[in-house]
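Structural description and commentary
Residue-level listing of the chains:
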Amino acid sequence: MTESKNIQRIVLTPGEPSGIGPDLCLQLLQKQQTVELILIASPKLLKQRAKQLSVPLTMTQFDPNKPARVQNKGVCSILPVEMATPSKAGVLNQVNSNYVLKTIARATKGCIDGLFDAMVTGPVHKGVINNAGFEFNGHTEFIANITGAHPVMMLATLGLRVALVTTHLPLSEVSSAITHSRLKRVIRILHQGLYSYFGIKNPHILVCGLNPHAGEGGHLGREEIEVIEPVLENMRKQGFNLQGPLPADTLFTPKYLQSADAVLAMYHDQGLPVLKYVGFGQAANITLGLPIIRTSVDHGTALELAGTGKGDIGSLEIAIKIAQEMANNKNE
(Lines give C-alpha, C1' and ligand atoms only; values in the text may rest on other atoms or scores of the structure.)
Protein backbone atom coordinates (compact mmCIF):
# COMPACT_ATOMS: atom_id res chain seq x y z
CA MET A 1 0.00 0.00 0.00
CA THR A 2 1.30 3.44 -0.96
CA GLU A 3 0.61 6.33 1.42
CA SER A 4 1.00 10.00 0.55
CA LYS A 5 -0.53 13.31 1.49
CA ASN A 6 -0.80 14.00 -2.27
CA ILE A 7 -3.06 11.01 -2.93
CA GLN A 8 -6.63 12.12 -3.56
CA ARG A 9 -9.49 10.55 -1.65
CA ILE A 10 -12.40 9.97 -3.99
CA VAL A 11 -15.70 8.63 -2.71
CA LEU A 12 -17.68 6.40 -5.03
CA THR A 13 -21.41 5.60 -4.90
CA PRO A 14 -22.37 2.58 -7.06
CA GLY A 15 -25.94 3.84 -7.62
CA GLU A 16 -28.89 1.53 -8.30
CA PRO A 17 -28.08 -1.75 -6.47
CA SER A 18 -29.75 -3.98 -9.06
CA GLY A 19 -27.99 -2.24 -11.94
CA ILE A 20 -24.52 -2.33 -13.40
CA GLY A 21 -23.00 0.17 -10.96
CA PRO A 22 -21.81 -2.39 -8.35
CA ASP A 23 -20.28 -4.51 -11.14
CA LEU A 24 -18.31 -1.58 -12.52
CA CYS A 25 -16.97 -0.67 -9.08
CA LEU A 26 -15.78 -4.24 -8.52
CA GLN A 27 -14.22 -4.44 -11.99
CA LEU A 28 -12.48 -1.15 -11.37
CA LEU A 29 -10.99 -2.44 -8.12
CA GLN A 30 -9.18 -5.15 -10.08
CA LYS A 31 -6.94 -2.42 -11.50
CA GLN A 32 -4.27 -0.48 -9.66
CA GLN A 33 -5.42 3.07 -8.85
CA THR A 34 -3.58 6.34 -8.27
CA VAL A 35 -6.22 7.55 -5.80
CA GLU A 36 -7.83 6.14 -2.68
CA LEU A 37 -11.33 4.97 -3.55
CA ILE A 38 -13.91 4.82 -0.78
CA LEU A 39 -17.14 3.03 -1.60
CA ILE A 40 -20.36 4.00 0.14
CA ALA A 41 -22.45 0.89 -0.32
CA SER A 42 -23.86 -2.25 1.22
CA PRO A 43 -21.08 -4.73 2.07
CA LYS A 44 -23.55 -7.58 1.56
CA LEU A 45 -24.35 -6.34 -1.94
CA LEU A 46 -20.67 -6.04 -2.88
CA LYS A 47 -19.86 -9.52 -1.52
CA GLN A 48 -22.83 -11.03 -3.35
CA ARG A 49 -21.94 -9.36 -6.66
CA ALA A 50 -18.23 -10.16 -6.31
CA LYS A 51 -19.14 -13.84 -5.91
CA GLN A 52 -21.46 -13.62 -8.92
CA LEU A 53 -18.70 -12.06 -11.02
CA SER A 54 -15.98 -14.34 -9.60
CA VAL A 55 -13.69 -11.44 -8.67
CA PRO A 56 -11.68 -11.08 -5.46
CA LEU A 57 -12.80 -8.53 -2.89
CA THR A 58 -11.39 -7.51 0.47
CA MET A 59 -13.15 -4.68 2.31
CA THR A 60 -11.61 -2.49 4.99
CA GLN A 61 -13.51 0.06 7.06
CA PHE A 62 -12.67 3.60 5.98
CA ASP A 63 -10.74 5.48 8.66
CA PRO A 64 -10.49 9.25 7.97
CA ASN A 65 -7.77 9.58 10.62
CA LYS A 66 -5.32 7.47 8.63
CA PRO A 67 -3.28 8.95 5.75
CA ALA A 68 -4.73 8.58 2.27
CA ARG A 69 -3.50 5.39 0.64
CA VAL A 70 -3.76 3.55 -2.65
CA GLN A 71 -5.25 0.11 -2.07
CA ASN A 72 -3.97 -3.11 -3.55
CA LYS A 73 -5.97 -4.72 -6.34
CA GLY A 74 -9.21 -6.27 -5.14
CA VAL A 75 -9.19 -4.22 -1.93
CA CYS A 76 -11.48 -1.31 -1.13
CA SER A 77 -12.21 1.08 1.71
CA ILE A 78 -15.89 1.12 2.56
CA LEU A 79 -18.40 3.22 4.44
CA PRO A 80 -21.31 0.80 4.90
CA VAL A 81 -24.93 1.66 4.21
CA GLU A 82 -27.31 -1.28 4.34
CA MET A 83 -30.17 -1.92 1.95
CA ALA A 84 -33.74 -2.38 3.14
CA THR A 85 -33.95 -5.73 1.35
CA PRO A 86 -31.53 -7.96 -0.61
CA SER A 87 -31.03 -6.95 -4.23
CA LYS A 88 -31.07 -9.18 -7.28
CA ALA A 89 -29.04 -8.20 -10.32
CA GLY A 90 -31.26 -6.86 -13.07
CA VAL A 91 -34.44 -6.72 -10.98
CA LEU A 92 -35.55 -3.30 -9.73
CA ASN A 93 -37.01 -3.02 -6.25
CA GLN A 94 -38.30 0.37 -5.14
CA VAL A 95 -37.91 -0.66 -1.49
CA ASN A 96 -34.18 0.08 -1.86
CA SER A 97 -34.69 3.58 -3.26
CA ASN A 98 -33.97 5.25 0.07
CA TYR A 99 -30.72 3.29 0.25
CA VAL A 100 -29.61 4.89 -3.02
CA LEU A 101 -30.43 8.38 -1.75
CA LYS A 102 -28.63 7.73 1.55
CA THR A 103 -25.41 6.79 -0.25
CA ILE A 104 -25.48 9.95 -2.34
CA ALA A 105 -26.30 12.15 0.64
CA ARG A 106 -23.54 10.63 2.75
CA ALA A 107 -20.97 11.08 -0.01
CA THR A 108 -22.03 14.69 -0.53
CA LYS A 109 -21.81 15.42 3.20
CA GLY A 110 -18.38 13.81 3.34
CA CYS A 111 -17.13 16.08 0.58
CA ILE A 112 -18.60 19.16 2.28
CA ASP A 113 -16.88 18.17 5.54
CA GLY A 114 -13.54 17.70 3.78
CA LEU A 115 -13.29 13.92 4.30
CA PHE A 116 -13.11 13.40 0.54
CA ASP A 117 -11.54 15.42 -2.27
CA ALA A 118 -14.25 14.52 -4.78
CA MET A 119 -17.21 12.24 -5.37
CA VAL A 120 -17.98 10.00 -8.35
CA THR A 121 -21.47 8.61 -8.77
CA GLY A 122 -22.72 5.49 -10.50
CA PRO A 123 -25.98 5.33 -12.47
CA VAL A 124 -29.34 5.56 -10.72
CA HIS A 125 -32.85 4.71 -11.91
CA LYS A 126 -34.95 7.86 -11.56
CA GLY A 127 -38.22 6.06 -12.24
CA VAL A 128 -37.97 3.51 -9.45
CA ILE A 129 -36.94 6.22 -6.96
CA ASN A 130 -39.96 8.34 -7.88
CA ASN A 131 -42.23 5.30 -7.75
CA ALA A 132 -41.09 4.81 -4.16
CA GLY A 133 -42.54 8.22 -3.30
CA PHE A 134 -39.38 10.33 -3.40
CA GLU A 135 -39.23 13.47 -5.52
CA PHE A 136 -36.06 12.93 -7.54
CA ASN A 137 -35.05 14.57 -10.83
CA GLY A 138 -31.50 13.26 -10.83
CA HIS A 139 -28.15 13.30 -9.06
CA THR A 140 -27.42 16.87 -10.08
CA GLU A 141 -30.56 18.35 -8.60
CA PHE A 142 -30.42 16.14 -5.49
CA ILE A 143 -26.84 17.15 -4.66
CA ALA A 144 -27.66 20.79 -5.40
CA ASN A 145 -30.48 20.70 -2.85
CA ILE A 146 -28.10 19.37 -0.19
CA THR A 147 -25.41 21.96 -0.93
CA GLY A 148 -27.75 24.89 -1.64
CA ALA A 149 -26.00 25.52 -4.95
CA HIS A 150 -27.01 26.32 -8.53
CA PRO A 151 -25.53 23.47 -10.57
CA VAL A 152 -24.49 23.38 -14.22
CA MET A 153 -24.27 20.01 -15.91
CA MET A 154 -21.35 19.52 -18.29
CA LEU A 155 -20.39 16.32 -20.08
CA ALA A 156 -16.86 15.92 -21.37
CA THR A 157 -15.07 13.52 -23.68
CA LEU A 158 -11.85 13.77 -25.66
CA GLY A 159 -11.97 17.04 -27.61
CA LEU A 160 -15.49 18.12 -26.61
CA ARG A 161 -17.23 19.61 -23.56
CA VAL A 162 -20.97 20.32 -23.59
CA ALA A 163 -22.74 22.21 -20.80
CA LEU A 164 -26.49 22.70 -20.41
CA VAL A 165 -28.66 25.72 -19.58
CA THR A 166 -31.57 23.42 -18.64
CA THR A 167 -31.33 19.75 -17.68
CA HIS A 168 -34.14 17.32 -16.89
CA LEU A 169 -37.15 19.28 -18.09
CA PRO A 170 -39.95 18.34 -20.49
CA LEU A 171 -39.36 20.04 -23.82
CA SER A 172 -42.56 22.05 -23.38
CA GLU A 173 -41.02 23.79 -20.34
CA VAL A 174 -37.60 24.63 -21.77
CA SER A 175 -38.37 27.98 -23.39
CA SER A 176 -39.87 29.55 -20.27
CA ALA A 177 -36.94 28.26 -18.19
CA ILE A 178 -34.38 30.12 -20.31
CA THR A 179 -34.45 33.53 -18.63
CA HIS A 180 -31.93 36.38 -18.61
CA SER A 181 -30.90 35.64 -15.03
CA ARG A 182 -30.58 31.89 -15.53
CA LEU A 183 -28.52 32.22 -18.69
CA LYS A 184 -26.18 34.74 -17.06
CA ARG A 185 -25.73 32.52 -14.02
CA VAL A 186 -24.99 29.42 -16.11
CA ILE A 187 -22.42 31.24 -18.26
CA ARG A 188 -20.65 32.59 -15.18
CA ILE A 189 -20.53 29.15 -13.54
CA LEU A 190 -19.31 27.50 -16.75
CA HIS A 191 -16.64 30.17 -17.28
CA GLN A 192 -15.44 29.89 -13.67
CA GLY A 193 -15.45 26.08 -13.75
CA LEU A 194 -13.33 25.93 -16.90
CA TYR A 195 -10.88 28.36 -15.32
CA SER A 196 -10.74 26.92 -11.80
CA TYR A 197 -10.77 23.19 -12.53
CA PHE A 198 -9.27 22.91 -16.02
CA GLY A 199 -6.82 25.80 -16.05
CA ILE A 200 -8.35 27.60 -19.05
CA LYS A 201 -7.66 31.28 -18.48
CA ASN A 202 -10.01 32.81 -21.05
CA PRO A 203 -12.41 30.05 -22.09
CA HIS A 204 -13.98 30.33 -25.54
CA ILE A 205 -17.60 29.21 -25.23
CA LEU A 206 -19.89 28.49 -28.18
CA VAL A 207 -23.56 29.15 -27.38
CA CYS A 208 -26.40 27.36 -29.16
CA GLY A 209 -29.58 29.08 -30.16
CA LEU A 210 -32.79 27.48 -28.93
CA ASN A 211 -34.68 27.32 -32.20
CA PRO A 212 -33.85 25.86 -35.62
CA HIS A 213 -31.39 28.15 -37.44
CA ALA A 214 -31.05 30.08 -34.16
CA GLY A 215 -34.49 31.56 -34.75
CA GLU A 216 -33.73 32.84 -38.26
CA GLY A 217 -34.16 36.48 -37.34
CA GLY A 218 -37.34 35.88 -35.35
CA HIS A 219 -39.17 33.91 -38.03
CA LEU A 220 -38.65 30.61 -36.17
CA GLY A 221 -38.92 31.90 -32.62
CA ARG A 222 -37.97 34.98 -30.64
CA GLU A 223 -35.99 33.52 -27.72
CA GLU A 224 -32.72 34.39 -29.42
CA ILE A 225 -33.74 38.02 -29.97
CA GLU A 226 -35.41 38.59 -26.61
CA VAL A 227 -33.18 36.59 -24.25
CA ILE A 228 -30.07 34.91 -25.63
CA GLU A 229 -28.56 37.67 -27.81
CA PRO A 230 -29.00 40.45 -25.20
CA VAL A 231 -27.37 38.32 -22.50
CA LEU A 232 -24.42 37.37 -24.70
CA GLU A 233 -23.87 40.96 -25.79
CA ASN A 234 -23.96 42.19 -22.21
CA MET A 235 -21.51 39.55 -21.03
CA ARG A 236 -19.11 40.10 -23.93
CA LYS A 237 -18.78 43.69 -22.74
CA GLN A 238 -17.72 42.26 -19.37
CA GLY A 239 -14.92 40.28 -21.01
CA PHE A 240 -16.50 36.87 -21.54
CA ASN A 241 -15.34 35.09 -24.71
CA LEU A 242 -18.71 34.03 -26.10
CA GLN A 243 -19.73 33.15 -29.66
CA GLY A 244 -23.37 32.80 -30.65
CA PRO A 245 -26.20 32.18 -30.60
CA LEU A 246 -25.31 29.67 -33.31
CA PRO A 247 -27.58 27.12 -35.01
CA ALA A 248 -27.08 23.82 -33.18
CA ASP A 249 -27.17 21.83 -36.42
CA THR A 250 -23.97 23.48 -37.69
CA LEU A 251 -22.24 24.45 -34.45
CA PHE A 252 -20.97 20.90 -33.86
CA THR A 253 -18.57 20.96 -36.82
CA PRO A 254 -14.76 21.32 -36.91
CA LYS A 255 -15.05 24.89 -38.21
CA TYR A 256 -16.39 25.99 -34.84
CA LEU A 257 -15.22 23.30 -32.43
CA GLN A 258 -11.51 23.48 -33.24
CA SER A 259 -11.15 26.79 -31.40
CA ALA A 260 -13.74 26.21 -28.65
CA ASP A 261 -13.24 25.14 -25.03
CA ALA A 262 -16.90 24.27 -24.45
CA VAL A 263 -20.34 24.35 -26.02
CA LEU A 264 -23.34 25.66 -24.11
CA ALA A 265 -26.56 23.95 -25.24
CA MET A 266 -29.99 25.21 -24.28
CA TYR A 267 -31.46 21.83 -23.34
CA HIS A 268 -30.54 18.22 -22.63
CA ASP A 269 -31.16 16.58 -26.00
CA GLN A 270 -29.77 19.48 -28.01
CA GLY A 271 -26.18 18.91 -27.01
CA LEU A 272 -25.78 15.53 -25.39
CA PRO A 273 -26.66 13.27 -28.35
CA VAL A 274 -23.71 14.75 -30.25
CA LEU A 275 -21.31 14.28 -27.36
CA LYS A 276 -22.45 10.73 -26.72
CA TYR A 277 -22.12 9.89 -30.41
CA VAL A 278 -18.54 11.11 -30.30
CA GLY A 279 -17.52 9.56 -27.00
CA PHE A 280 -20.14 7.32 -25.39
CA GLY A 281 -18.45 5.10 -22.83
CA GLN A 282 -15.45 7.43 -22.76
CA ALA A 283 -17.20 10.50 -21.37
CA ALA A 284 -17.99 11.81 -17.91
CA ASN A 285 -20.73 13.95 -16.42
CA ILE A 286 -19.33 16.90 -14.45
CA THR A 287 -21.40 19.09 -12.12
CA LEU A 288 -20.09 22.66 -11.97
CA GLY A 289 -21.29 25.32 -9.55
CA LEU A 290 -21.17 23.11 -6.45
CA PRO A 291 -18.98 23.73 -3.41
CA ILE A 292 -17.66 20.19 -3.98
CA ILE A 293 -16.28 18.23 -6.94
CA ARG A 294 -18.65 15.72 -8.45
CA THR A 295 -18.40 13.66 -11.62
CA SER A 296 -20.42 10.70 -12.88
CA VAL A 297 -20.66 8.11 -15.62
CA ASP A 298 -22.30 8.95 -18.94
CA HIS A 299 -24.63 5.94 -19.04
CA GLY A 300 -27.61 4.39 -17.30
CA THR A 301 -28.16 1.40 -15.05
CA ALA A 302 -27.93 -1.22 -17.86
CA LEU A 303 -30.06 -3.71 -15.94
CA GLU A 304 -29.65 -6.32 -18.66
CA LEU A 305 -25.88 -6.39 -18.08
CA ALA A 306 -25.94 -6.43 -14.27
CA GLY A 307 -24.24 -9.49 -12.84
CA THR A 308 -22.82 -10.60 -16.21
CA GLY A 309 -19.37 -9.01 -16.01
CA LYS A 310 -19.86 -7.54 -19.48
CA GLY A 311 -20.04 -3.91 -18.40
CA ASP A 312 -17.57 -1.38 -19.79
CA ILE A 313 -15.72 0.54 -17.08
CA GLY A 314 -14.43 3.17 -19.53
CA SER A 315 -16.76 5.97 -18.45
CA LEU A 316 -16.19 5.25 -14.74
CA GLU A 317 -12.43 5.43 -15.27
CA ILE A 318 -12.80 8.75 -17.12
CA ALA A 319 -15.04 10.12 -14.34
CA ILE A 320 -12.41 9.25 -11.72
CA LYS A 321 -9.58 10.66 -13.83
CA ILE A 322 -11.41 13.97 -14.34
CA ALA A 323 -12.36 14.17 -10.65
CA GLN A 324 -8.69 13.69 -9.76
CA GLU A 325 -7.64 16.36 -12.27
CA MET A 326 -10.20 18.80 -10.91
CA ALA A 327 -9.11 18.14 -7.32
CA ASN A 328 -5.45 18.63 -8.20
CA ASN A 329 -6.14 21.89 -10.02
CA LYS A 330 -8.32 23.17 -7.20
CA ASN A 331 -5.63 22.46 -4.64
CA GLU A 332 -2.88 24.25 -6.57
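This text gives an overview of the structure that appears in the document. By convention here, each chain's residues receive numbers from 1 onward along its written sequence. In keeping with the predicted nature of the model, local features appear solely for residues at pLDDT of at least 70, side-chain atom pairs appear and are counted solely at 80 or more, and the whole-chain, interface and lining totals rest on all residues. The side-chain numbers reported here are obtained from all heavy atoms of the structure, hydrogens and water having been left aside.

1. Quick word on the packing of aromatic side chains
Under the convention used in this document: What counts as a ring pair is set by centres within 6.5 Å for rings of Phe, Tyr and Trp (its six-membered ring), and what kind of pair is set by the plane angle: stacked under 30 degrees, edge-to-face over 60, tilted for all other angles. By the criteria applied, helices consist of DSSP H or I runs no shorter than four residues and strands consist of E runs no shorter than two, each listed in order from the N terminus. Throughout this description, buried means an accessible area under 20% of the type-specific maximum (1.4 Å probe, protein chains only), exposed means over 50%, and partly exposed covers the range between.
Within this structure, the stated rule accounts for two aromatic pairs. Both rings, one in F62 and one in F116, keep their centres 5.5 Å apart while their planes meet at 45°; by these two values the pair is tilted. Taken together, the residues F62 in the loop between β4 (58–61) and β5 (69–70) and F116 in the loop between α3 (97–112) and β7 (118–121) connect sequence positions 54 residues apart. Residues F62 and F116 agree in their burial class; the two are buried.

2. Details of the environment of T179
This is how it is decided: Counted as a polar contact is a pair of N or O atoms within 3.5 Å, where, for protein atoms, one must be capable of donating a hydrogen and the other of accepting one, and residues adjacent in sequence contribute only when both atoms are in side chains.
If you trace the backbone, T179 turns up in the loop between α6 (171–177) and α7 (180–198). Judged by its relative accessible area of 32%, T179 falls in the partly exposed class. In this structure the C-alpha to C-alpha distance between T179 and V227, which are 48 residues apart in sequence, comes to 6.5 Å. Among the polar contacts made by the side chain of T179, one reaches the main-chain amide nitrogen of R182 at a distance of 3.1 Å.

3. Details of empty space enclosed by the protein
Applied cut-off: The definitions used throughout rest on a 1 Å grid laid over the protein atoms alone, on which a cavity is an enclosed set of points accommodating a 1.4 Å probe that cannot get out and a pocket is an open set flanked by protein within 12 Å on both sides along at least five of seven lines; lining residues are those having an atom within 4 Å of a point. Grid points are joined across faces, edges and corners, and a volume is the space filled by probe spheres set on the points. Put simply, Ala, Val, Leu, Ile, Met, Phe, Trp, Tyr, Cys and Pro go in the nonpolar bin, Asp, Glu, Lys and Arg in the charged bin, and everything else, Gly too, in the polar bin.
This structure, assessed with the given rule, holds one cavity of 30 Å³ or more. In this structure, the largest cavity spans a volume of roughly 30 Å³. Lining the largest cavity, in full, are L12, T13, G21, L24, C25, G122, P123, V297 and L316. The set of elements that each furnish at least two residues to the lining of the largest cavity consists of β2 (9–13) and α1 (21–28). In terms of residue count, α1 provides more of the lining of the largest cavity than any other element does, three residues in total. Looking at the lining of the largest cavity residue by residue, the classes come out as six nonpolar, three polar and no charged.

4. Some remarks on unusual backbone geometry
Following G244, the chain continues to P245 via a peptide bond in cis, the omega torsion being 0°. Mapped onto the elements, P245 comes out in strand β11 (residues 241–246). Phi at H213 is positive, roughly 60°, even though this residue is not glycine. Looking at where H213 falls in the secondary structure, it is placed in the loop between β10 (204–208) and α8 (223–237). A relative accessible area of 45% places H213 in the partly exposed class. Although it is not a glycine, A302 sits at a positive phi angle of roughly 45°. Within the secondary structure, A302 is located in the loop between β14 (294–297) and α12 (314–331).

5. Considerations on the pairing of β11
Condition: At least two DSSP bridges between two strands are required for those strands to pair.
Across four bridges, the pairing between β10 and β11 is parallel. Note on β11: the bridge partner recorded for H204 is N241.

6. Digging into the environment of T85
Quick note on the threshold: Any two residues whose heavy atoms approach within 4.5 Å are treated as being in contact.
Tracing the sequence through the fold places T85 in the loop between β6 (75–80) and α3. Along the primary structure T85 and N96 are separated by 11 residues, whereas in three dimensions their C-alpha atoms are 6.6 Å apart. T85 has contacts with N93, V95 and N96, leaving out every residue within four places of it along the chain.

7. Structural notes on the sheet that holds β7
How we decide: Lines are fitted to the C-alpha atoms to define the axes, a helix being fitted only along its stretch in contact, and any angle between axes, read from their N-to-C directions, falls within 0 to 180 degrees.
Across the sheet, 12 strands lie side by side as β4-β6-β3-β2-β7-β14-β13-β8-β9-β12-β10-β11; this open sheet has mixed pairing. The sheet terminates laterally at β4 and β11, the two strands that pair on one side only. This sheet shows a mean twist of 30° between the axes of neighbouring strands, independent of strand direction. Across three bridges, β10 lies against strand β12 (residues 262–265) in parallel orientation. Each residue of the ladder has a partner; that of L206, found in β12, is V263. Strands in contact with α7 are β8 (152–157), β9 (160–164), β10, β11, β12 and β13 (284–288); relative to β12, the strand with the most contacts, it is inclined by about 160°.

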